[in-house]
Amino acid sequence: MKAVFFEKPGGLEVLQYGELPTPKPQKGEALMRVRAAGLNRLDIWLREDKENARNIPMPHISGSDAAGIVEEINGEGPLKAGQEVVLNPAIPCGTCPRCKNGKSCELVKIFGVKNQGSYAEYITAPISQFYPKSQNISFAEAAAFPLTFLTAWHMLVGRANLQKGETVFVWGASGGLGSSAIQVAKYLGAKVVAAAKSEEDAKQICEIGADEIIIYTKGNVENAVKNLTNGLGVDVVFESVGEKTWGTTLAMLRPFGRVVIAGTTSGDMGTQDLSDIYVRQLSIFGARMGTKEEFEKVLEIVAAGKLKPIIDKTFSLKDAAEAQKRMVEGKHFGKIVLEIQ
Ligand SMILES: NC(=O)c1ccc[n+]([C@@H]2O[C@H](COP(=O)([O-])OP(=O)(O)OC[C@H]3O[C@@H](n4cnc5c(N)ncnc54)[C@H](OP(=O)(O)O)[C@@H]3O)[C@@H](O)[C@H]2O)c1
Ligand SMILES: [Zn+2]
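Residues numbered from 1 in each chain as written. Chains lettered and ligands numbered in written order. Predicted model: local features only at pLDDT ≥ 70, side-chain atom pairs only at ≥ 80, totals over all residues.

- In the annotation of an unreviewed UniProt entry, the chain is listed under the name Enoyl reductase (ER) domain-containing protein and assigned to Candidatus Sungbacteria bacterium RIFCSPLOWO2_12_FULL_41_11.

What follows is the structure in structure tokens.
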């Protein structure tokens, strides 16, 4: 099959378009012909991983999001060959105490990290990870929502317990995760204040539902947030930027505020006056993808048209390096998708 892969970590130049063996579905797995694969920032981390800390298989095919057509099934279940499906990229271990209690898995694996991902004509995955694709959305849209909407839902609902009427601040609002978070927060009835790097982004961020925008490249974000909230601060901050924003994140929370973090795009290290956490009684939640039930909920709301995957641009599979370049350069708004014929 045709695939885009790399044999060692590095810059965009390590990405190769070529032939790799088509995977065979093992017992309990299905083979899907991929029609669209969504990009995530994770794909960049994997390719650039200089320490190879994640110990990924080489050659490696990236890609956690996929939509396509079932080609072959090796096992039982409701799937049928020829069916249009979308992949749930969060693969629970099924055996840890939390899995047994129907909670978010301690050891949840992201599709496309330890196994081969979706920048390819075919993928295999456990049968239970595939769900019927709604006819209301295209393959590209179906590959543009799973990882980010699932994570945003888990962050805001499963972890931060965002309530109707509360105010949430969203960093990284032009990205896949941030643009999903704005929609999830609005769906929940919260008020959204979002960060934008430019006037142009601000316009698009308003279009997807944000109530207030703060251009973070101009002026002091903490003061702007306080001005918008009668000096109080926000109830919840949605974090995925990390090092560059962490200080402001904690400063803009009101007493008893919560921050939920799922990424550190700008760097891993953040410093904090620890006394501030107990004096103002703040809570910090970490989040990683979500549960099967959360995926099913998100799928249902997307099918109903109440959460909309935002597609920035589509590329053909062979142009995956160009697609990643667009993400690295921060030119995208929403999701970049590879379309595979
Ligand atoms: N834990 C999980 O399960 C999980 C799941 C999905 C994603 N993530 C993590 O969440 C983060 C966002 O992922 P994504 O796929 O949404 O990425 P993305 O589409 O590239 O979005 C990242 C956004 O962060 C903002 N940003 C601020 N400072 C930045 C910097 N120094 N470098 C690059 N971007 C910067 C940019 O938005 P503005 O220009 O609007 O500020 C950018 O659009 C990543 O760190 C990813 O690994 C974690
Ligand atoms: Zn588990």
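## Thoughts on the overall build of the chain
- Looking only at helices and strands, the chain features 11 helices and 17 strands.
- Taking 20 Å as the expected radius of gyration for a compact globule of 341 residues, we find that the chain reaches 20 Å, a close match to that expectation.
- Projected onto its principal axes, the C-alpha coordinates of the chain cover approximately 60 × 45 × 35 Å.
- Residues counted as buried form 48% of the 341 residues belonging to the chain.
- Here the analysis covers contacts within the chain between residues at least 6 apart in sequence; of these, 69% occur between residues at least 24 apart. (Helix = DSSP H or I, 4+ residues; strand = E, 2+ residues; numbered from the N terminus. Rg over C-alpha atoms; globule rule 2.2 N^0.38 Å. Buried ≥ 20, exposed ≤ 12 C-beta atoms within 10 Å, placed from the backbone. Contact = placed C-beta atoms within 7 Å.)

## So, the site of ligand 1
- If you check the shell around ligand 1, you find 30 residues, and the closest are Arg41, Gly172, Ser174, Gly175 and Gly263.
- Where the shell around ligand 1 is concerned, the elements lending two or more residues are helix H1 (41–48), helix H4 (146–159), helix H5 (176–187) and strand E11 (191–196).
- Split by domain, the shell around ligand 1 shows at least three residues from each of two domains, domain 1 (2–144 + 309–339) and domain 2 (149–286). (Near = placed C-beta within 6 Å. Domains from an automatic or database assignment.)

## Quick word on the packing of H4 against H5
- As a packed pair, H4 and H5 sit with axes 8 Å apart at the nearest point and diverge in direction by 55°. Classified by the interaxial angle, the pair formed by H4 and H5 is oblique. Crossing geometry of H4 relative to H5 is assigned as right-handed. Every residue of H5 that contacts H4 at Thr148, Phe149, Thr151, Ala152, Trp153, Met155 and Leu156 is listed here: Gly176, Leu177, Ser180, Ala181, Val184 and Ala185. (Axes fitted to C-alpha atoms, helices over the stretch in contact; angles between N-to-C directions. Parallel < 35°, antiparallel > 145°, perpendicular 65-115°, else oblique. Left-handed = near helix turned anticlockwise from the far one by under 90°.)

## Let's talk about H4
- With respect to burial, H4 is a largely interior element, 12 of its 14 residues being buried.
- Just beyond H4, the residue with positive phi is asparagine 161, at close to 55°.

## Considering the environment of lysine 2
- Tracing the backbone through its elements, the reader meets lysine 2 in strand E1 (residues 2–5).
- If we skip the residues at most four places from it in the chain, lysine 2 touches Tyr17, Glu19, Glu121 and Leu317.

## Regarding the nonpolar core
- The biggest cluster of nonpolar side chains holds 100 residues, and the ones touching the most others in it are Met32, Leu156, Val168, Val170, Ala181, Ala194 and Phe238.
- Examining the composition of this core, we find that seven residues originate from one element, H4, more than from any other.
- Three or more residues apiece are contributed to this core by two domains, here domain 1 (2–144 + 309–339) and domain 2 (149–286).
- Those residues within four positions of leucine 156 in sequence are excluded, and the remaining contacts are Leu162, Ala181, Val184, Ala185, Leu188, Phe238 and Val260. (Core = buried A, V, L, I, M, F, W, Y, C linked by C-beta atoms within 7 Å.)

## Some remarks on the domain arrangement of the chain
- Considered domain by domain, the chain is made up of domain 1 (2–144 + 309–339) and domain 2 (149–286).
- Once you take the C-alpha centre of each, domain 1 and domain 2 turn out to be 28 Å apart.
- With eight residues of domain 1 in contact, the opposing surface of domain 2 contributes 10 residues.
- Along the lines of polarity and charge, the residues of the side of domain 1 that touches domain 2 split into three nonpolar, three polar and two charged. (Nonpolar A, V, L, I, M, F, W, Y, C, P; charged D, E, K, R; others polar.)

## Some details on the pairing of strand E4 (residues 65–74)
- As defined by bridge partners, strand E3 (residues 29–38) adjoins E4 across nine bridges and the pair is classed as antiparallel. Within E4, the position partnered with alanine 36 by the bridge is alanine 67.
- Judged from the three bridges that link them, E4 and strand E5 (residues 84–87) form a sheet pairing that is antiparallel. Residue pairing across strands places isoleucine 69 opposite glutamate 84, the latter belonging to E5. (Pairing = 2+ DSSP bridges.)

## Some details on the environment of valine 193
- Relative to the helices and strands, valine 193 resides in strand E11.
- Put simply, valine 193 and glutamate 212 are 19 residues apart on the chain and 4.7 Å apart in space, counted from C-alpha to C-alpha.
- If sequence neighbours within four positions are ignored, valine 193 has contacts with Thr167, Phe169, Asp211, Glu212, Ile214, Val225, Leu228 and Val234.

## Details of the packing of H4 against helix H10 (residues 292–303)
- The interhelical angle for the contact between H4 and H10, taken along N-to-C directions, is 110°, at an axis separation of 9 Å. In terms of their interaxial angle, H4 and H10 are classed as roughly perpendicular. Two packed elements cross with a definite hand, and for H4 against H10 that hand is right-handed. Together, Phe149, Leu150, Trp153, His154 and Gly158 of H4 and Glu294, Phe295, Lys297, Val298 and Val302 of H10 make up the contact between the two elements.
- Residues that form the contact of H4 with H10 fall into these classes: six nonpolar, two polar and two charged.

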